[in-house]
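Residues per chain are reported as follows:
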Amino acid sequence: MTSTAVHLPVPRLPRVRAAAGRLQDNPVAGRKRVLLAAPRGYCAGVDRAVVAVEKALERYGAPVYVRKQIVHNIHVVTELEEKGAIFVEEVDEVPEGAHVVFSAHGVSPAVVNAASDRGLHAIDATCPLVTKVHREAVRFARDDFEILLIGHEGHEEVEGTAGEAPEHVTVVNSPEEADTVVVKDPNKVVWLSQTTLSVDETMETVNRLRTRFPELHNPPSDDICYATQNRQVAIKKVAAGADLVIVVGSSNSSNSVRLVEVALEYGAKAAYRVDYAEEIQQEWLDGVETVGVTSGASVPEVLVREVLDAIGDAGYRDVEEVKTAEEDLMFSLPKELRHDASGQRDDRALGGRATGGGA
């Protein structure tokens, strides 16, 4: 199955909380249980970006501006807005001299220059794994390689990476596009990828490209984000034993949307994505014995707990965590935020979770 490009803004509608006990505990043939995927939820890059906005607000006071959504999750964005963050589409919407945070997905040099021209105090919260891909694009362009960037055109990460070397980059949106893309010199071409893609789909695209261009070069290391891989591996194991999979995540989150697709590909009888627990429909649970639950890499654990509470009202209280990896990666915060106003190193100078279970 081919992923759909996801880059439209999430509709900003007020959350309407459902009353506890909304879902009914109807009988099923067997034992009701939950398979809870681990790892799930926040990755180190997302945690770093969210903490960066929080600390910028603490350090400089509201408002702090953020170009695009800091991460693709409506709940996170709403909470940061309530604390004083203002989200804009482009830096020309930011008052001159103000503080602006670049999102975890990264920006092109043109955006950095535009911010500088306006005298903005820019804080770069780009995930370090995305920054690595940017550096690869610059290096290959310098060596006059044509870069086939596997990703979703219009996604902020793809726009940022392509902007590092626009004369050298061609975006390949899907395995099907690999069959038609045209290159100038088949002997000097390399592939890079959006970090949040599916490993399976990316490698299918790479294999098709290599069939046409046998001299295709690989990047120096795997560009697919460790968190994307880990969450997909976990949901594959969960899906094999689940009648229903619920993925917590927003509609513009590529990795959350893909988790639904992976669940269906690997055995789940049904799979749905929700932002909030109140979106779960009673009919989804009809006849269901085993519910699998996971969340995308930009989803706070509190939203998963709300889902578990909601389906617990429907009798799904036996929760088994299915753990396929441990995550202990942490990233330093942007340099502007590693010390407090007095110059002392801040105790939250690192972003990232110490454990991979999401508990």
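Before going into details, it helps to say that this report is about the structure given with it. Here the residue index of a chain counts from 1 through its sequence in written order. Under the rules for a predicted model, residues below a pLDDT of 70 receive no local features and side-chain atom pairs below 80 are neither given nor counted, while totals for whole chains, interfaces and linings still include all residues. Just so you know, side-chain values use all the structure's heavy atoms and leave hydrogens and water out.

## Re unusual backbone geometry
Working note: non-glycine residues mostly have negative phi, and peptide bonds are mostly trans.
Then step 1. Cis geometry is adopted by the peptide bond preceding Pro 39, which originates at Ala 38 and carries an omega value of 5°.
Then step 2. Between Ala 62 and Pro 63 the backbone carries a cis peptide bond, its omega angle lying at 0°.
Then step 3. The helix and strand labels rest on DSSP assignments: H or I over at least four residues marks a helix, E over at least two residues marks a strand, and numbering proceeds from the N terminus. Relative to the helices and strands, Pro 63 resides in the loop between α1 (44-60) and β2 (64-67).
Then step 4. Positive phi values are uncommon outside glycine, yet Lys 68 reaches one of about 65°.
Then step 5. Looking at where Lys 68 falls in the secondary structure, it is placed in the loop between β2 and α2 (74-83).

## Notes on the packing of helix α8 (residues 226-239) against helix α9 (residues 254-265)
Then step 1. For helices, the axis comes from a line fit to the C-alpha atoms of the stretch in contact; other axes are also lines fit to C-alpha atoms, and the angle between any two N-to-C directions lies between 0 and 180 degrees. The geometry of α8 relative to α9 is characterised by a closest axis approach of 9 Å and an angle of 30° between their N-to-C directions. It follows that α8 is roughly parallel to α9 by the angle criterion. In this structure, α8 crosses over α9, and the sense of that crossing is right-handed. Mapping the contact onto sequence places Thr 228, Arg 231, Gln 232, Ile 235, Lys 236 and Ala 239 in α8 and Asn 255, Arg 258, Leu 259, Val 262 and Ala 263 in α9. Each angle gets one of four labels, with under 35 degrees taken as roughly parallel, over 145 as roughly antiparallel, 65 to 115 as roughly perpendicular, and the rest as oblique. In this scheme the handedness of a crossing depends on how the near helix is turned from the far one: anticlockwise by less than a right angle means left-handed, clockwise means right-handed. Should any heavy atoms of two residues lie within 4.5 Å, those residues are considered in contact.

## Focus on α8
Then step 1. The span you would expect from a helix comes to 1.5 Å times its residue count less one. Between its terminal C-alpha atoms α8 stretches 20 Å, which fits the 20 Å expected from 14 residues at 1.5 Å a residue.
Then step 2. Burial in α8 covers these residues: Ala 227, Thr 228, Asn 230, Arg 231, Gln 232, Ala 234, Ile 235, Val 238 and Ala 239.
Then step 3. Summarising the contacts, the buried residues of α8 are in contact with β1 (33-38), α7 (199-212), β9 (244-248), α9, β11 (290-295) and β12 (319-323). With a 1.4 Å probe rolled over the protein chains alone, any residue whose accessible area is under 20% of its type maximum counts as buried; one over 50% counts as exposed, and the rest are partly exposed.

## Re the sheet that holds β9
Then step 1. The pairing criterion for strands is at least two bridges between them, as found by DSSP. With parallel pairing, the five strands of this open sheet are ordered in space as β10-β9-β11-β1-β12. Since the sheet does not close on itself, it has two edges, and those belong to β10 (270-274) and β12, each with one partner. Ignoring which end each strand starts from, the neighbouring axes of this sheet average 25° apart.
Then step 2. Where β1 and β12 come together, five bridges link them in parallel fashion. Counterpart to Leu 36 in the pairing with β12 is Glu 321.
Then step 3. Along the sheet, α8 contacts β1, β9, β11 and β12; its crossing angle with β1, the most-contacted strand, is approximately 160°.
Then step 4. Contacts between α9 and the sheet are confined to β9, β10 and β11, with β10 contributing the most and set at about 170° to the helix.

## What to know about the side chain of Glu 157
Then step 1. Structurally, Glu 157 is set in helix α5 (residues 156-162).
Then step 2. Working convention for charge: Lys and Arg count positive, Asp and Glu count negative, and His plus the chain ends are omitted. The term salt bridge refers to a side-chain nitrogen of Lys or Arg lying within 4 Å of a carboxyl oxygen of Asp or Glu. Buried and unpaired, Glu 157 has no salt bridge, with Lys 132 as the nearest side chain of opposite charge at 9.3 Å.
Then step 3. Ignoring any residue separated from it by four or fewer positions in sequence, one finds Glu 157 in contact with His 105, Val 130, Ser 193, Gln 194, Thr 195 and Thr 196.

## Structural notes on the pattern of salt bridges
Opposite charge on two side chains allows them to pair when their charged atoms are near.
Then step 1. Tallying each qualifying case throughout the model produces 24 salt bridges.
Then step 2. Arg 31 serves as the salt-bridge partner of Asp 318, at 2.2 Å between the closest nitrogen and oxygen. In this pair, Asp 318 is assigned in the loop between α10 (301-313) and β12 and Arg 31 in the segment before β1, connecting sequence segments 287 residues apart.
Then step 3. On the basis of relative accessible area, Asp 318 is assigned to the partly exposed category, the value being 36%.
Then step 4. Relative accessible area serves as the criterion here: at 51%, Arg 31 is assigned to the exposed category.
Then step 5. We note a salt bridge from Arg 208 to Glu 204, for which the minimum N-O separation is 3.1 Å. One end of the pair is Arg 208 and the other is Glu 204, both in helix α7 and four residues apart, which spans about a single turn.
Then step 6. In this structure Arg 208 comes out as partly exposed when scored by relative accessible area, which is 25%.
Then step 7. Of the residues examined, Glu 204 reaches a relative accessible area of 35% and is grouped as partly exposed.
Then step 8. Put simply, Arg 40, Glu 301, Arg 305 and Glu 321 are held in one network by salt bridges that share partners.

## Here's the deal with the packing of aromatic side chains
Then step 1. Geometry of aromatic contacts follows a simple scheme: Phe, Tyr and Trp rings, the Trp one being its six-membered ring, pair when their centres are within 6.5 Å, and the pair is stacked under 30 degrees between planes, edge-to-face over 60, tilted otherwise. All chains considered together, the criterion is met by two aromatic pairs.
Then step 2. A ring pair is formed by Phe 140 and Phe 145, whose centres lie 5.6 Å apart and whose planes are at 75°; its orientation type is edge-to-face. Note on accessibility: Phe 140 and Phe 145 belong to one class, buried.
Then step 3. Seen from their ring centres, Tyr 272 and Trp 284 are 3.9 Å apart, and the 0° between their planes marks the pair as stacked. A residue pair is termed long-range when its members are at least 10 positions apart, and Tyr 272 in strand β10 and Trp 284 in the loop between β10 and β11 qualify at twelve residues.
Then step 4. Assessed through its relative accessible area of 32%, Tyr 272 is described here as partly exposed.

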